[in-house]
Amino acid sequence: MTATLDLLGALLVGLAGAGHCIGMCGGVSAALSMAIPVEKQHFWGRLGYLLNYNLGRILSYVIAGALVGGLLATTSELGAGKHAIAGLRLVAAFLMIALGLYLAGWWQGVLLLERMGARLWPHLKPLAGKFIPFTSAWQALPFGMVWGWLPCGLVYSMLTWSAAAGSAAGGALIMLFFGLGTLPTLFALGGLADRLRYWMTLRSLRLGGALLLIAYGLHTLWIGIASF
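So, how was this worked out
Residues numbered from 1 in each chain as written. Predicted model: local features only at pLDDT ≥ 70, side-chain atom pairs only at ≥ 80, totals over all residues. Heavy atoms only, no water. Helix = DSSP H or I, 4+ residues; strand = E, 2+ residues; numbered from the N terminus. Buried < 20%, exposed > 50% of the residue type's maximum accessible area, 1.4 Å probe, protein only. Contact = heavy atoms within 4.5 Å. Areas by Shrake-Rupley, 256 points an atom, 1.4 Å probe, with all protein chains shown as cover. Core = buried A, V, L, I, M, F, W, Y, C linked by side-chain atoms within 4.5 Å. Patch = residues over 30% accessible without salt bridge, like charges linked within 9 Å, V, L, I, M, F, W, Y side chains within 5 Å. Salt bridge = Lys/Arg side-chain N within 4 Å of Asp/Glu carboxyl O. UniProt positions renumbered as here; feature names shortened; annotations may be inferred.

The name an unreviewed UniProt entry gives the protein chain is Urease accessory protein UreH-like transmembrane domain-containing protein, with Aeromonas dhakensis as the organism.

Okay, here's the thing in structure tokens:
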């Protein structure tokens, strides 16, 4: 039951984080659009590039989730066992609550995570430039994999959640569902659903998602405390 709730919660974070995704990935979307050949600048032409870009982006999330989930599971077996996982679940719970407060516009503390990761990004960004301009839709796949490591408070928070999953497979699944939750917004940013972009930025939807996320964070906090 808890595993199912974890996946649904991860999906919710992706959906509720629409406003943040638009702010963070607007520049990426512009770079992607300009890199698509002129003759492909129509709905069906852009679709292939957007699909491959998002596949690459989500694949990076899944790889990162598997790495942190597997690493922490191995560390737990060698050390504190289930108490290490329970401790990570507490951290994940606090980050979920922090995310909910951020999405509701009540507290910006989660942005500190992005500043920590910003030091790594200048070393990765030039790699993405090697794949543009595109000569085929498949080039958008490695382009998306690089941009999947863009410093993002939502992603970093979800990686903490993945670490608490207790296994590589569990961590990968959490990041997969988070990535799927971000798809509507990223497709809207890609110009395929302007109306969808409007709906995803509505204050009422963001607030509703934020409140659900805070509630789920409190639920996760209770599970973590009970695990000790």
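That shown, we press on.
S.K.: It is not clear to me how the overall build of the protein chain should be interpreted in this structure. Could you clarify?
M.R.: Broken down by element type, the protein chain carries 11 helices and 0 strands. When burial is assessed residue by residue, the protein chain has 49% of its 228 residues classed as buried. Taking all contacts inside the protein chain whose residues are at least 6 apart in sequence as the whole, residues at least 24 apart take part in 81%. Carbon and sulfur atoms make up 73% of the accessible area of the protein chain, which totals about 10,800 Å².

S.K.: I'm lost on the nonpolar core in this one. Help?
M.R.: One recurring pattern in soluble globular proteins: nonpolar side chains tend to sit buried together. V13, M158, W161 and F178 are the most contacted members of the largest nonpolar core, which has 26 residues in total. Secondary-structure elements contributing two or more residues to this core are α1 (2-16), α3 (43-78), α4 (82-103), α8 (153-163), α9 (168-189) and α11 (203-227). Not counting residues within four places of it along the chain, the set of residues in contact with W161 comprises D6, G9, A10, V13, A92, M96, I174 and Y216. Counting 18 residues, the second largest nonpolar core, distinct from the first, contains V28, W121, F134 and W147.

S.K.: Can you help me understand a nonpolar patch on the surface in this one?
M.R.: A cluster of nonpolar side chains, namely L59, I63, L67 and W149, defines an oily patch on the protein surface of about 360 Å² accessible area. Here I63 lies in helix α3. Judged by relative accessible area, I63 falls into the partly exposed class, the value being 36%.

S.K.: What am I meant to see in the UniProt feature "transmembrane region" (unreviewed entry) in the protein chain here?
M.R.: Per the UniProt record, the feature "transmembrane region" (unreviewed entry) sits at residues 59-78, 90-111, 131-156, 168-193 and 205-225. Structurally, residues 90-111 is divided into 68% helix and 0% strand, and its ends, taken at the C-alpha atoms, are 19 Å apart. Helix makes up 46% of residues 131-156 and strand 0%, whereas the separation of the span's terminal C-alpha atoms amounts to 25 Å.

S.K.: Explain unusual backbone geometry to me, please; I cannot follow it from the model alone.
M.R.: Cis rather than trans, the peptide bond between I132 and P133 has omega equal to 0°. By secondary structure assignment, the location of P133 is in the loop between α6 (121-129) and α7 (140-147).

S.K.: Can you walk me through α8 in this structure?
M.R.: Think of an α-helix as 3.6 residues a turn; residues three or four steps apart then line up on the same face. Of all 11 residues that make up α8, 10 are buried, and the element is covered over most of its length. Those residues of α8 that fall on the buried side of the exposure criterion are G153, L154, V155, S157, M158, L159, T160, W161, S162 and A163.

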